[in-house]
Amino acid sequence: MSTPGRLGWLGGTFDPIHDGHLDVARAAHRALTLDEVHLVPARVPPHRAAPQASAEHRLAMVTLAAAQHDWLRVSTLDLHADGPAYTTDTLDRLAACGVDLRTLHVITGADAFAGILTWRRATELLDRCHFVVVSRPGHPAPALRRALPGLASRMIDTNGCVPPAQPSIFLVDAPTAPVSSTEVRARAAAGHSLEGLVPPTVATYIGQHELYRGVA
Ligand code: ATP
Ligand code: MG
C-alpha cells in the first residue's frame, strides 16, 4: 500500500457510509494536517451484530463516497480478515505492509472511543500509534477526560499546536452531521428519502440494489 507521511485511519462497519463519517474524516484531516485518510470497512466488526449489507456492497458505497476527495482513500485490509477486525490485529497487518505506526492516526468518534478500555490489548494499542477522537452529536470529545481519567494526561486538544512525537489522543471538538447508519437503514427500510444523510451517489446505489429493504 502507499505510505503517505501522515496517515489517518477510519475503521467502521459503514453499513452504510453516511455524511457523519465523512465529516469525521474531514475534521481529523484538517485538525491533524493528515496527508490521507483511509476509510476501512470491517468484514466482521468486533463488539456488535453482523452488518446487514454484504462486505461487497459496503465496500462499493465507501468507494463511491471516497471518490469525492483526493485525500480520501479506501483500504480493504480489514475485509480480508476472517475474524473480527480488532484494531490491534489491523496494526500488525499495517506494520507488516511497511507502514511506520508512528505516522498512523487511528480516527474514531467519541462514542466509540468511550469504550476503548474494552478493546483488545487497549493499553498496548494506545502506545503504538496516535488516536484522533472527534465529537459526535451527544458525545463531546472533551468529556472523555472525565469519562476516562486514567487516559486524561495523554489527551490533547487540537488547536493548531504542533503535535508531540509520543503516541497521543487528540481530541477534535468539531461539528459532525447528526446521522447514524442505524437511522439510514431504518429510513431506507421505510422507503424514505436519504437526501442529506448520505452522499447522492450512495443514495442512488442503495436504491438501485434495494439495500436495507424491510430489515428495520
Ligand atoms: P451504526 O448506527 O450501525 O452503529 P454508525 O453510524 O455508528 O453506525 P459506525 O460504522 O458504527 O457508524 O462508525 C464508525 C466510526 O465512525 C465510529 O468511530 C463512530 O464513532 C464514528 N461515527 C459515525 N457517525 C458519526 C457521527 N455522526 N459523528 C461522529 N462520529 C461518527
Ligand atoms: Mg456505531
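Quick caveat, the model's predicted, so the values are computed rather than measured. (Residues numbered from 1 in each chain as written. Chains lettered and ligands numbered in written order. Predicted model: local features only at pLDDT ≥ 70, side-chain atom pairs only at ≥ 80, totals over all residues. Heavy atoms only, no water.)

Draft legend 1. Representation of the overall build of the protein chain. When its secondary structure is counted, the protein chain shows 8 helices and 7 strands. What you see for the protein chain is a C-alpha radius of gyration of 17 Å, in line with the 17 Å of a compact globule of 216 residues. Considered along the principal axes of its C-alpha atoms, the protein chain spans approximately 45 × 35 × 30 Å. Burial statistics for the protein chain: of 216 residues in total, 47% are counted as buried. (Helix = DSSP H or I, 4+ residues; strand = E, 2+ residues; numbered from the N terminus. Rg over C-alpha atoms; globule rule 2.2 N^0.38 Å. Buried < 20%, exposed > 50% of the residue type's maximum accessible area, 1.4 Å probe, protein only.)

Draft legend 2. Just the sheet that holds strand 6 (residues 155–157), in detail. With parallel pairing, the 7 strands of this open sheet are ordered in space as 3-2-1-4-5-7-6. Two strands in the sheet have a free side with no partner beyond their single neighbour: strand 3 (72–74) and strand 6. With direction set aside, neighbouring strand axes in the sheet form an average angle of 30°. (Pairing = 2+ DSSP bridges. Axes fitted to C-alpha atoms, helices over the stretch in contact; angles between N-to-C directions.)

Draft legend 3. Focus on helix 8 (residues 200–208). Every buried residue of helix 8 is accounted for by Val202, Tyr205 and Ile206. One face of helix 8 carries all of its buried residues, which in axial projection span an arc of 100°. Away from its buried face by more than 90 degrees, helix 8 exposes Pro200 and Gln208. Turning to helix 8, the residues buried within the fold contact helix 2 (55–66) and helix 7 (181–189). Just beyond helix 8, the residue with positive phi is Glu210, at close to 50°. (Arc of directions from axis to C-beta. Contact = heavy atoms within 4.5 Å.)

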